[in-house]
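Coordinate analysis (summary)
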Amino acid sequence: MHAMSRDAAGPWWHGVLYHVYLRSFADSDGDGVGDIRGLIARLDHLAWLGVDGIWVSPVMPSPNDDWGYDVADYCAVAPEYGSLDDVDELVAAAGERGIRVLFDLVPNHSSDRHPWFLASRSSRDDPKRDWYVWRDPKADGSPPNNWVSSFFGSAWKLDDATGQYYLHSFLEAQADLNWWNEQVRAAFDEILRFWFDRGIAGFRIDVVHKMVKDPELRDNPPASESDSFIERVWGQRELHNADQPQNHAVIRRWRTIAEQYPDPRVLVGETYLFDQRRVGAYHGRDDELHLTFNIPFLWSTFEAGAIRDVVDATTAGYPPDAWPVWNGGSHDISRFPTRWCGGDGRKIRLALMLLLTLRGTALLYYGDEIGMGDGAVDPAAARDPLGRRAPRPNAGRDPARTPMQWTAADGAGFTVPGATTWLPIGDAAACNVESQRGDPGSVLSWCWHLIALRRASTDMSGGAMRFVDGTPGGVLAWRRGERTSVALNLSDEAAVIDGVGGAVRAGTRREREGERVEGTLALDPWEGVVLYE
Ligand code: NOJ
């Protein structure tokens, strides 16, 4: 296998990205909440793992109605997470280890406690009135249109003081900015530059497809069978409140700013769309987003046919040179070791293999590398506003946000022993970094091995991908680049595959590594291999 440097294989953001949910990653001061200094202290783990960049969930001051996705100041750091000096130190310390730092940008909405919104709501004549989306009630006093919030209920809140409604696509405490307003656009240009100038390597952009709304605020039509499952849950198609053509102009403007830096900054968009052609359009002509979130993949079932369909739709829907993203989890959905794998170690190893061997950027969520599953959270003690507002209240997204399990000790190495953590710690005795690092058969060792292989192989990091057709049901096999093949058996039946061969470079049954496969490949249930001819 040819050893190649990262540069030869493609830009750094084609590699492995790692999502740090800061609140739950590492707590340096014992207050039970993760922080930037905690993250700095754990960078060696990420460097050892081999990640190229980290995306850090929002660090900006926030009343935490939606845990940082309700920003009260776009150019500062929440004291509970640290300071701007800590950010500088993070960028420098990560840089020394070859790791880029991406931050989370939340442009669709701000907190209702942001000074912009406080000014905007103060009077109809305030200069910032038009920075948000305000409209008169209908004649009967009802909201201006039928749009629903992604967090259930009307997307409009009547503000008694000025007698108008404001738009909130999420919580009432998250007021939508008016992206038709040039001053808003200019303000965000400055926000981007503020962080780029500090060495932030790019942004993950929250609900990037939603910013610009229909200027006439027309009603959405009812959802039909052909709409995404989420639109069917909401009862309406997001025709006028999302994915408007003018949205692309905002992103092109940001791309121009990103390109003005010598180490061009990278834009990663949370394109929460289920039609891959519409997602693909956000790459533009390589003048919009560098990377787009692959939501259909995230929501796929863990079945060969469903995964093949998503991969094919991704390839067909994106521009030919666009580089896809594969992730199995985030802070918004049950973790894949639970959701896809039911805690079965064979399936967890296979899922990691899928993420790390498909052509594209692998985006790991903290804890994926140890196969960390959902934590147990009592719905009555839920911290997530979405769970509390759901038709049947539940723990919402909290189980996917429990603290990182570093060790088996009290506090799991996340915090000091005896500390009260903001969410309960999961089963750290059964699953933690420390015990897995010493075990060559662990999920962590497997994940490390796959990343190392990917970094060492241009086939795996950058090679073209082509499915091998005619494999047995439940099996997926594809070729990468010149000489590499990947085969996964996502079924309870043993399988035999023709047409792939070579030396086993990585195997979920590690004892197979080094074996030569000639002619036919036999796989146990839920087994996978990477072969090199
Ligand atoms: C997507 C974020 O990932 C999620 O956590 C948040 O609640 C919504 N956007 C609203 O900002």
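Residues numbered from 1 in each chain as written. Predicted model: local features only at pLDDT ≥ 70, side-chain atom pairs only at ≥ 80, totals over all residues. Heavy atoms only, no water.

Before going further, it helps to examine the site of the ligand. Taken together, 14 residues are adjacent to the ligand, and Asp66, His109, Asp206, His331 and Asp332 come closest. Here an oxygen atom of the ligand sits 3.0 Å away from a polar atom, N or O, in the side chain of His109. Contact distances for the ligand include 2.7 Å between an oxygen atom and a side-chain N or O atom of Asp206. When isolated, the ligand has an accessible area of 300 Å², and the protein chains bury 97% of it. The residue makeup of the shell around the ligand includes at least three contributed by each of domain 1 (3-109 + 182-450) and domain 2 (115-176). (Near = heavy atom within 4 Å. Polar contact = N/O pair within 3.5 Å; in protein donor to acceptor, adjacent residues only side chain to side chain. Areas by Shrake-Rupley, 256 points an atom, 1.4 Å probe, with all protein chains shown as cover. Domains from an automatic or database assignment.)

The subject of this paragraph is the domain arrangement of the chain. Per the domain assignment, the segments making up the chain are domain 1 (3-109 + 182-450), domain 2 (115-176) and domain 3 (464-532). On a C-alpha basis, the centroid separation for the pair domain 2 and domain 3 is 55 Å.

It is worth spelling out the nonpolar core at this point. One finds Tyr18, Phe25, Leu39, Ile54, Phe103, Phe188 and Trp254 to be the most contacted residues of the largest nonpolar core, which totals 139 residues. The greatest single-element share of this core, amounting to 8 residues, is contributed by helix α13 (residues 345-357). Setting aside residues no more than four positions away along its own chain, Phe25 makes contact with Tyr18, Val20, Leu39, Arg42, Leu46, Tyr366, Met404, Trp406 and Phe414. In terms of nonpolar packing, the next biggest core, distinct from the first, is built from 13 residues, Val468, Val475, Ile497 and Val500 among them. (Core = buried A, V, L, I, M, F, W, Y, C linked by side-chain atoms within 4.5 Å. Buried < 20%, exposed > 50% of the residue type's maximum accessible area, 1.4 Å probe, protein only. Helix = DSSP H or I, 4+ residues; strand = E, 2+ residues; numbered from the N terminus. Contact = heavy atoms within 4.5 Å.)

This part covers the side chain of Thr292. Secondary-structure assignment places Thr292 in strand β11 (residues 291-292). Here the side chain of Thr292 touches His283 through a polar contact of 3.0 Å, side chain to side chain. Of note is the side chain of Thr292, whose polar atom sits 3.3 Å from the side chain of Tyr318. Setting aside anything within four residues of it in sequence, one finds Thr292 in contact with Gly269, Thr271, Val279, Tyr282, His283, Tyr318 and Val325.

Axis separation between helix α6 (residues 182-197) and helix α8 (residues 247-259) bottoms out at 10 Å; the angle between their running directions is 30°. Considering the angle they form, α6 stands roughly parallel to α8. Read as a crossing pair, α6 and α8 show a hand that is right-handed. Note on element contacts: α8 touches α6 through Val250, Arg253, Trp254, Ile257 and Ala258, opposite Glu182, Arg185, Ala186, Phe188, Asp189, Leu192, Arg193 and Phe196. Among the residues forming the contact of α6 with α8, the class breakdown is 8 nonpolar, no polar and 5 charged. (Axes fitted to C-alpha atoms, helices over the stretch in contact; angles between N-to-C directions. Parallel < 35°, antiparallel > 145°, perpendicular 65-115°, else oblique. Left-handed = near helix turned anticlockwise from the far one by under 90°. Nonpolar A, V, L, I, M, F, W, Y, C, P; charged D, E, K, R; others polar.)

Spatial strand order, β11-β10-β9-β3-β2-β1-β13-β12: 8 strands in an open sheet with parallel pairing. Here the strands that pair on one side only, and so sit at the sheet edges, are β11 and β12 (325-327). Bridge count for strand β2 (residues 53-56) against strand β3 (residues 100-105) is 4 bridges, and the pairing is parallel. Residue pairing for β3: Ile54 is matched across the bridge by Val101. Its contacts with the sheet place α8 against β3, β9 (202-205) and β10 (266-269), and it is angled at close to 150° to β10. (Pairing = 2+ DSSP bridges.)

What follows covers the packing of α13 against helix α16 (residues 443-456). One can describe the packing of α13 onto α16 by two numbers: an axis separation of 10 Å at closest approach and a directional angle of 20°. Classed by the angle they form, the pair α13 and α16 counts as roughly parallel. Considering only the axes of α13 and α16, their crossing is right-handed. Taking contact as the criterion, the partners of Ile348, Arg349, Leu352, Met353, Leu355 and Leu356 in α13 are, on α16, Val443, Trp446, Cys447, Leu450, Ile451 and Arg454.

Right, let's get into the side chain of Gln276. Its location among the elements puts Gln276 in helix α9 (residues 276-280). For Gln276, a relative accessible area of 5% gives the class buried. Among the polar contacts listed, one links the side chain of Gln276 to the side chain of Thr314, at a separation of 3.0 Å. Beyond its immediate sequence surroundings of up to four residues, Gln276 is in contact with Asn294, Pro296, Val310, Ala313, Thr314, Gly317 and Tyr318.

Within strand β16 (residues 484-489), 6 of the 6 residues are buried, which leaves it mostly tucked inside the rest of the structure. Pairing analysis gives 6 bridges linking strand β15 (residues 475-480) to β16, with the strands arranged antiparallel. Across the sheet, the residue bridging to Arg480 is Thr484, located in β16. Counted along the chain from β15 to the antiparallel partner β16, the turn is 3 residues long, and its residue Gly481 has a positive phi close to 60°.

Scanning the model with the defined rule gives 43 salt bridges in all. Linking Glu89 and Arg37 is a salt bridge whose minimum nitrogen-to-oxygen distance equals 3.0 Å. With Glu89 in helix α4 (residues 84-96) and Arg37 in helix α2 (residues 36-41), this pair connects stretches of sequence that are 52 residues apart. Note on Glu89: relative accessible area 36%, which makes it partly exposed. With its nearest N and O atoms 2.9 Å apart, the salt bridge here joins Arg204 to Asp206. The buried category is assigned to Asp206, whose relative accessible area is 7%. Beyond isolated ion pairs, a larger network of salt bridges with shared partners links Arg509, Glu511, Arg512, Glu515, Asp524 and Glu527. (Salt bridge = Lys/Arg side-chain N within 4 Å of Asp/Glu carboxyl O.)

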